[in-house]
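Working through the structure, step by step
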Amino acid sequence: MNLKKNILIVDDEEGIHYVFDRYLGNKFSLFHAATVDEAVKKCIKEQQIDLIITDIFLEKDTGFEFVHKVREMNKKVPIIIMSAYGDQFTTDLIDNIKATFDCHFINKPFDNDEMESLIEELLKKS
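Residues numbered from 1 in each chain as written. Predicted model: local features only at pLDDT ≥ 70, side-chain atom pairs only at ≥ 80, totals over all residues. Heavy atoms only, no water.

**Quick word on the side chain of aspartate 50**
Within the secondary structure, aspartate 50 sits in the loop between α2 (36-46) and β3 (51-55). With no salt bridge to any partner, buried aspartate 50 finds its closest opposite charge in lysine 5, at an N-O distance of 4.5 Å. A polar contact is formed between the side chain of aspartate 50 and the backbone nitrogen of asparagine 6, at a distance of 2.7 Å. A distance of 2.8 Å separates polar atoms of two side chains, one belonging to aspartate 50 and the other to glutamine 48. Sequence-distant contacts of aspartate 50, that is, excluding residues within four places in its chain, are made with Lys5, Asn6, Val77, Pro78 and Leu123. (Helix = DSSP H or I, 4+ residues; strand = E, 2+ residues; numbered from the N terminus. Buried < 20%, exposed > 50% of the residue type's maximum accessible area, 1.4 Å probe, protein only. Lys, Arg positive; Asp, Glu negative; His and termini not counted. Salt bridge = Lys/Arg side-chain N within 4 Å of Asp/Glu carboxyl O. Polar contact = N/O pair within 3.5 Å; in protein donor to acceptor, adjacent residues only side chain to side chain. Contact = heavy atoms within 4.5 Å.)

Here you go:
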């Protein structure tokens, strides 16, 4: 029986997936997607995603579209949004997403220990 929590990582940068695999792969079951469509399919296929981590800006879409689609399917799954951008547009977009869809935010590049602590905190609450 697999007791590991399932985490979906949505980012179009392969390096981010590598970082998560390396630091969290032994502790959690990680699923990866690079696009919103791929991520939505994984949410439907896996059905038991315990937490989602998504970049705010993906190659073809934004994390906003993805978070909106997730919340239509599951209102309770914890979501962490990441971004390397700090401009006013991005800040406003993130604030809107956090307020509208009850999400959490972390800057990229992130501290691995900080990310792991946030993940564990959110999984305990869910």
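After that view, the rundown keeps rolling.
**Regarding the pattern of salt bridges**
Enumeration over the complete set of coordinates arrives at 6 salt bridges. Two residues, lysine 108 and aspartate 11, come together in a salt bridge whose shortest N-O distance is 2.9 Å. Taken as a pair, lysine 108 in the loop between β5 (104-107) and α5 (112-125) and aspartate 11 in the loop between β1 (6-10) and α1 (14-24) lie far apart in primary sequence, 97 residues in all. One salt-bridge network, held together by shared partners, links Asp11, Glu13, Asp55 and Lys108.

**Digging into the pairing of strand β4 (residues 79-83)**
With 5 of its 5 residues buried, β4 lies for the most part within the structure. Here β4 shows a buried face lined by Ile79, Ile81 and Ser83 and a second buried face lined by Ile80 and Met82. By the bridge criterion, 4 bridges tie β3 to β4 in an arrangement that is parallel. Looking at β4, one finds that aspartate 55 is bridged to methionine 82. When β4 meets β5, the two strands line up parallel, connected through 4 bridges. What sits directly across from serine 83, in β5, is asparagine 107. Between the parallel elements β4 and β5, the chain passes through helix α4 (residues 88-101) in a crossover that is right-handed. (Pairing = 2+ DSSP bridges. Right-handed = clockwise from strand over helix to strand, strands pointing away.)

**Structural notes on the state of the cysteines**
Summed over the entire model, instances satisfying the criterion amount to 0 disulfides. Considering cysteine sulfurs only, cysteine 103 is the nearest to cysteine 43, which forms no disulfide, with 12 Å between them. Owing to a relative accessible area of 14%, cysteine 43 belongs among the buried residues under this scheme. (Disulfide = S-S within 2.5 Å.)

**Describing the packing of helix α3 (residues 63-73) against α4**
Look at α3 against α4: their axes get within 11 Å of each other, and the N-to-C directions meet at 0°. Classified by the angle their axes make, α3 and α4 are roughly parallel. Facing Phe64, Val67, His68 and Arg71 of α3, the residues of α4 in contact are Leu93, Asn96, Ile97 and Phe101. The residue inventory of the contact of α3 with α4, partitioned by class, reads 5 nonpolar, 2 polar and 1 charged. (Axes fitted to C-alpha atoms, helices over the stretch in contact; angles between N-to-C directions. Parallel < 35°, antiparallel > 145°, perpendicular 65-115°, else oblique. Nonpolar A, V, L, I, M, F, W, Y, C, P; charged D, E, K, R; others polar.)

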